[in-house]
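A look at the structure
Below, each chain spelled out in residue letters.
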Amino acid sequence: MPPVFAHGRLRLYLLKLLDEAPRHGYEVIRLLEERFQGLYAPSAGTVYPRLSKLEAEGLVTYATEGGRKVYSITEAGRAELADRSAELADLELEIRDSVTELAAEIRSDVRGAAGDLRREMRAAATASATQVGEEDSWKAAKEELRKARQEWKEQARRAKDESRRAREEAQAARRQAKEAQDRAREEVQRIAGQLQEQFARSGGVLGSLAGAWLGGTAAAPADTADADTGAGADRAPGWAADLTPTGDPARDLDRLLDRFRDEVRDAARDRGVSAAQVAEARDHLAAAAARLAATIAPRP
């Protein structure tokens, strides 16, 4: 049988299936068998270890329902899917090609079996001619050959239908990947527009967001001596240490601002936020903005 998934591709396809809906391991195996029109079904020893590894990497999580683990994709898993959307589209094409190759092998096997059957029928007809008469044995052989041809046609029709379905699924996957990319691009543009509007209204929102990177909760005006003596000395140790400098300070600052925005948004979403907390956060951000502005452009 030709290879179905190249190295690492089954892992990506499992994330795709869990992105569609939470599923338990047996359901994942059944879905893979359906996607391949019954021509391929991975074993439990293939699927479950990969699900456990995805869980260890934080890409999926699970809940126990009725004594079974039901796996769900995490935000980190969705982020990996979005980053590898083009690779996922290629994977769908590979799956279509794999199904086509498997169907071709079935057709080849059917042709070979039909040829063997014809030879066996001829041999049987020759052997039985002396026992029951040449005419009767030839009729029987013709009937068996007719049945073999009918079976081959049915097998060929099923293989053709499977190939067509695989091609349609691959086309749908490409459309879905493109739509996902378009939605992601629109979301980025929408967020960028909001930031630009906020910056235009307040004149300091960009600095306010970055100010939280410096830490601290007390207000510090931009013209204090602290701005000239290392206002960033109290930043959280190791924060954003995974962001490798690019050599472009402006781009590095944008990446830090993105990290800050994501962490604050995640905290608000996970814990909730009240009007009083928003007011307090505004004070902290204003103070942090002043400190960052003084740090970036200190007075001579």
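Because the structure is a prediction, the values reported are computed rather than measured. (Residues numbered from 1 in each chain as written. Predicted model: local features only at pLDDT ≥ 70, side-chain atom pairs only at ≥ 80, totals over all residues. Heavy atoms only, no water.)

Moving on to the overall build of the protein chain. Scanning the protein chain from terminus to terminus reveals nine helices and three strands. Sequence-ordered secondary structure for the protein chain, helices as α and strands as β, is α-β-α-α-β-β-α-α-α-α-α-α. Sequence separation of at least 24 residues holds for 65% of the intrachain contacts in the protein chain that already meet a minimum separation of 6. (Helix = DSSP H or I, 4+ residues; strand = E, 2+ residues; numbered from the N terminus. Contact = heavy atoms within 4.5 Å.)

This paragraph deals with the nonpolar core. As a rule of thumb, nonpolar side chains are buried together in soluble globular proteins. Core analysis: the biggest nonpolar cluster contains 24 residues, and Tyr13, Leu14, Leu15, Leu18, Val28, Leu32 and Val47 have the highest contact counts within it. Per-element tally for this core: the top contributor is helix 1 (residues 9–20), with seven residues. Ignoring any residue separated from it by four or fewer positions in sequence, one finds Leu15 in contact with Leu54, Leu59, Val60, Ile73, Gly77, Glu80 and Leu81. (Core = buried A, V, L, I, M, F, W, Y, C linked by side-chain atoms within 4.5 Å. Buried < 20%, exposed > 50% of the residue type's maximum accessible area, 1.4 Å probe, protein only.)

Bringing the packing of helix 1 against helix 4 (residues 75–83) into the picture now. Think of two packed helices as two axes; the pair is described by the angle between the axes and how far apart they sit. In contact at an axis separation of 10 Å, helix 1 and helix 4 are set at 115° when each is read in the N-to-C sense. The two elements helix 1 and helix 4 cross, and the hand of that crossing is left-handed. Contact residues: helix 1 offers Arg11, Leu12, Leu15, Lys16 and Asp19, while helix 4 offers Gly77, Arg78, Glu80 and Leu81. Its residues assigned to classes, the contact of helix 1 with helix 4 comprises three nonpolar, one polar and five charged. (Axes fitted to C-alpha atoms, helices over the stretch in contact; angles between N-to-C directions. Left-handed = near helix turned anticlockwise from the far one by under 90°. Nonpolar A, V, L, I, M, F, W, Y, C, P; charged D, E, K, R; others polar.)

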